Each structure stands twice: as C-alpha cells, then as structure tokens.
Amino acid sequence: MDTPIFSLRPKNNRARIITRRRENESFASPEKDELIIRANSHQFPQEICVIATMGKGKDADIFTPGYRMADPIHCAFVINWKTGIILVEDRSGGSTSLYDNSKLVYSPLNADRGYNRVVVMDNKNSYLVLGKSKATQVIFKIVFSLGLDETLKIIQRRISGASADVQRDFLWTFHGQLPQKEQKKIHHYTLVKLGSGGFGTVWKSVDIYSGDIVAVKEFVPWWTSDSLDREIDALSRFQHPFIIPLYGWYANPRSGSKGRYEMFMPVMQGTLDDLMLRTHSPKETIDIGNAVLLQMLSALDYLACMDFIHRDVKPENILFETDHLGNYVFKLTDFGVSNTIALAQSEVGTETYMAPEMRSDLPQRPKADVWSLFVTMLWVLDVKQFRSLDFKSHLEVQGFVLQNAILNSDIEYMRDMGILNRAVRASAAQMLAKYGRQDLIALGRTERAPDSNRFNAWLWRIWDGRDRWGNYMKRITTERVLRLGLLPPPEPGASPAW
Ligand SMILES: Nc1ncnc2c1ncn2[C@@H]1O[C@H](COP(=O)(O)OP(=O)(O)O)[C@@H](O)[C@H]1O
Ligand SMILES: [Mg+2]
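Residues numbered from 1 in each chain as written. Chains lettered and ligands numbered in written order. Predicted model: local features only at pLDDT ≥ 70, side-chain atom pairs only at ≥ 80, totals over all residues.

As annotated in an unreviewed UniProt entry, the protein chain carries the name Kinase-like protein and is attributed to Hypoxylon rubiginosum.

Right, here's the structure in full:
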C-alpha cells in the first residue's frame, strides 16, 4: 500500500526548503530533491478519497509553513473514485493555483467560475502554486508515477477495505459541470479519439472540474447554426433508456455564421458493429439481435412520438454498454443528420440502410427509420451473408430486402418492417405490439399488431405485376410463395387497404 502515486518537484527556493524540512522527512526522496506522495500518505485513511493534504496545521500531511498561508490546510489532493483521476482542491479560499507550465499564464482554478477543485494530469495543470504574492509563492511540479488504471486499483482497494459508514461518508460524487442547464459547455481535456464518421470526431475526455469521463462530439456544421441550435436543443431534451443522453452542448462561435460545436454525452463501450464483429456464437448473435430489435424499436417509437426522424439508423450509430447484470443495453446515437419532420427533405443517410422513400419526393416520415432498422437487423444476423454482399446500387439492396422479407422464414417475425411500400410497412409501435411489448411503447399508447391481410394484399399486388417492385420477384416461383402459407389472393375487385 505504499506505492508512490505522484511526486512534488520543487520549482523555486521556497518549495525546495519545504522539500528538505524535517517535518516532511517521511515524504522526501532519498536525494531529498522531491516529495513522494504514496497510497498511504494521508494521516486519515478513513478519508478514502483524499490522497494527501498540504498546509501548516498539524492535520496537514505535508507541512508548508509560510507567510500569508494562514489556513491550516492549504490544499488537498483528492481522487475521483470512478475514474482514478486526481484533483487538487483549494481549501485556502483562493490562494492555490494550477498552471500548465511554469510561465503561469492561466490557472483554471482561479479563473472566474468559482470551482475550487480542478483535475491534474500528466502535463495538465501540473504546476501547483501556493500563495498569491509572487514574493512568497511556493511552486511545485506534480509528476505522476502511476497511470490512471493503477491509481484506480488503489482507490478500489481502499474502498473495499473501508467500513460501510466510511464508504457512505467519503464516497461523495464530485460536483461536476452537469447537468447545469444554463451553462452548457463542459470544460474538458481530451484523452483519446473514440471514433469519427462523416460528421465529426468523438473524443473521450475528462471533465476538468470533476475528473469524470465524458464523450465529446466535435463538429463543424456546414449549414447555418440557427436550425441546428434548435435541433440540438431538442435532442438534449430527449429522455429514453435506449437513446444516448446529451449532458449538454456548446457552440463556439467563430467568424461568420458557422462555428465549432461540441456535444457532451456518456462514454459507451463501443458500437454495435464492433460488438458483432467479435461475436461468433450463433446463440449469442440471436440474443444480441433480439435485444437490438426490441430496444431500437422502443427508441424509434419514442422518436416518432417526438416527431423526429433519425434518418441514419445503422450499426455504427448504435452504441452499447453492459448493465450491472451483464446484459447489453443499446443506445441510438448520431443525430447529426436528423431533423424535425417539417425540415426533413434533403437526401442524407447511408445508402445501404436508406429507406426507398428517402430517395423520392415523398415527405419523410418516421417509418423510414423502421426500414433502416430492418436492414440493420439483416446485418446483425448476417442474413444470407448480408455482410459480405457487395451491393452495386440502392435498388439491389431493396431487391434483397424484398426477397428476404417475403421468402425468408427465418426472419418472418420482422418482415413487416422490410416492406418497400411505406403505407404497408409497420411502425415501430405496431412491431412492439406484435411482440407483446406494450411496455416498450412510449407514453403508454395502445397499438395493434400489423394486419397480415394488408401484407398479403400488397404481396399479391406485386405478384400480379401491379406494383413496380414486381421485377424483383421474377426469380421466385408461385409455388415457393404458396409454400410459405400465404393467404389466397384477395377477391378480384376487393380494394386494397392503402
Ligand atoms: N458516446 C460514445 N461512446 C463511445 N464511442 C462513441 C460515442 N459516440 C460516438 N462514438 C464513436 O464515434 C463514432 C462516430 O460518432 P457519431 O456520433 O456516429 O459521429 P458521425 O456523425 O461522425 O458518424 C461512432 O461510430 C463510435 O465509434
Ligand atoms: Mg455515425
């Protein structure tokens, strides 16, 4: 438990004196040229989130006497127990500062907002300055000996060793920047890139005032920001278990009408396509497929209720995480090209997954997303080696979908989603009703399962050549269709339901 976590390297004379003081002997390195903070440095081990304190009172771990340093504890090093990230907390009423470099240009701790705690990482805020006046300042550089993962292990060991009372009292959650509505920006430091697509780049970042991890999507829009502002505002009001929540967003205005946007959300484990590419067992594939289908139908139904079309539903835009029971939870993300129904008109979305009507002049409706989810399911289940097929055109995809929706008994349970004719295609709510999952339908609405007569009538219409999609059916014999147990053709003269 005496693992070194970081050291304090003196950067001026006053700091050097503190490093050599007898009171601080137990922290000094053998050469006495730095102070080493270890896992067990703090005198009060029951304060599990505190790594060490500095000050002139006897309760301080590191003794820092000094003119102007009136407070018994000047500052504390605390740890975010979820991420292992260390923060410096000012307890002197404003005379602790942190800087990125020794030039001392800008201290995020002293700056405006009144946060008294800020993240320290390798070369981020690593200069610690005690005292306000230049003449009496003490300057140390914080140098880490452990990575985040190892630091996290130390704090986890401490937590598991502590009594329930101590855990309750000291496992506070940091006051971060969320979810303060009026201040939408989250100040953050970038760690690594999580991914990028046609629209922007997503980074894994640290909230600098809490040490929490957040995902930040950064993009430069190519259209005017007014409608975009409204759209992102709408997104940030969505609340659904299978839609990525937005913590907030921020537009950094630049010259002209465009600016750099940042959207803040939780970090997920990965995308559905990553997950499937490492899933090989057929049973697991089916289990994941069922979960994706129900959860995404629920998300799409919610969006339909909100008058929202996503327009880019596909495996890369479905993120996953595992819950406390180890079950997968999927969340729809990337509303980058979505738009409210009234505004939806441009041709967007990824070709393979795009609903047929997206390429026509028809006004767009939420059922477009149901089609895309159907194609997503073909990919997830790799129906008839869908993943390795090389579609030359959008029409080829539609032909493939049509044939499988009609003839493939393995996926008959979701065929109502893969219908080219939007009037006959099921809505998300109808599919949920079909599966008996009223509980997943938004706002407690009641809905009925899709009418199989309607499907049947549509099919025969194709069969008779009265529908332009009939071309795709040429290779399918009447007997095969009849073998599927379809109902007989509708009575001549009976008017179809659409
Ligand atoms: N919250 C998140 N957690 C983890 N990875 C993410 C998150 N958001 C996005 N990603 C990754 O970044 C990629 C691009 O993000 P996305 O929002 O789809 O932007 P784009 O519009 O550029 O496609 C995703 O496919 C995924 O790999
Ligand atoms: Mg995307």
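Still more to cover.
Colleague: What is the right way to look at the overall build of the protein chain in this model?
Modeller: Helix and strand counts for the protein chain come out as 11 helices and 20 strands. When each of the 498 residues of the protein chain is scored for burial, the buried share is 40%. Looking at the protein chain alone, contacts between residues at least 24 apart form 60% of all its contacts between residues at least 6 apart. (Helix = DSSP H or I, 4+ residues; strand = E, 2+ residues; numbered from the N terminus. Buried ≥ 20, exposed ≤ 12 C-beta atoms within 10 Å, placed from the backbone. Contact = placed C-beta atoms within 7 Å.)

Colleague: Honestly, the site of ligand 1 in this entry has me stumped. Any pointers?
Modeller: Neighbouring residues of ligand 1: 20 residues in total, closest Gly195, Gly197, Phe199, Ala215 and Asp334. At the level of secondary structure, the elements contributing two or more residues to the shell around ligand 1 comprise strand S11 (188-196) and strand S13 (213-219). Among the residues making up the shell around ligand 1, the classes are represented as eight nonpolar, nine polar and three charged. Taken together, domain 2 (188-266) and domain 3 (270-485) each give at least three residues to the shell around ligand 1, which thus spans both. (Near = placed C-beta within 6 Å. Nonpolar A, V, L, I, M, F, W, Y, C, P; charged D, E, K, R; others polar. Domains from an automatic or database assignment.)

Colleague: Would you mind going over helix H6 (residues 282-305) with me for this structure?
Modeller: Note that an α-helix has 3.6 residues per turn; residues three or four places apart therefore point the same way. Along its 24 residues, H6 runs 34 Å from first to last C-alpha, staying within 8% of the 34 Å computed at 1.5 Å per residue. At the exit of H6 stands aspartate 307, carrying a positive phi of roughly 60°. (Expected span 1.5 Å × (residues − 1).)

Colleague: For this particular structure, what's the right way to read the pairing of strand S2 (residues 35-38)?
Modeller: Consecutive side chains along a regular strand alternate between the two faces of the sheet. Burial along S2 is one-sided: the residues Leu35 and Ile37 are buried and none of Ile36 and Arg38 is. As paired strands, strand S1 (residues 4-10) and S2 are joined by four bridges and run antiparallel to one another. Pairing of leucine 8 across the sheet is with leucine 35, part of S2. (Pairing = 2+ DSSP bridges.)

Colleague: What exactly am I supposed to notice about the packing of H6 against helix H7 (residues 367-380) here?
Modeller: Angle between the axes and distance between the axes: these two values describe a pair of packed helices. At their nearest, the axes of H6 and H7 sit 11 Å apart, and the two run at 170° to each other. Our classification of the angle between H6 and H7 gives roughly antiparallel. When the axes of H6 and H7 are compared, the crossing they make is right-handed. In contact with Ile288, Gly289, Val292, Leu293, Met296, Leu297, Leu300 and Leu303 of H6, H7 contributes Asp369, Val370, Leu373, Met377 and Val380. Residue composition of the contact of H6 with H7, grouped by class: 11 nonpolar, one polar and one charged. (Axes fitted to C-alpha atoms, helices over the stretch in contact; angles between N-to-C directions. Parallel < 35°, antiparallel > 145°, perpendicular 65-115°, else oblique. Left-handed = near helix turned anticlockwise from the far one by under 90°.)

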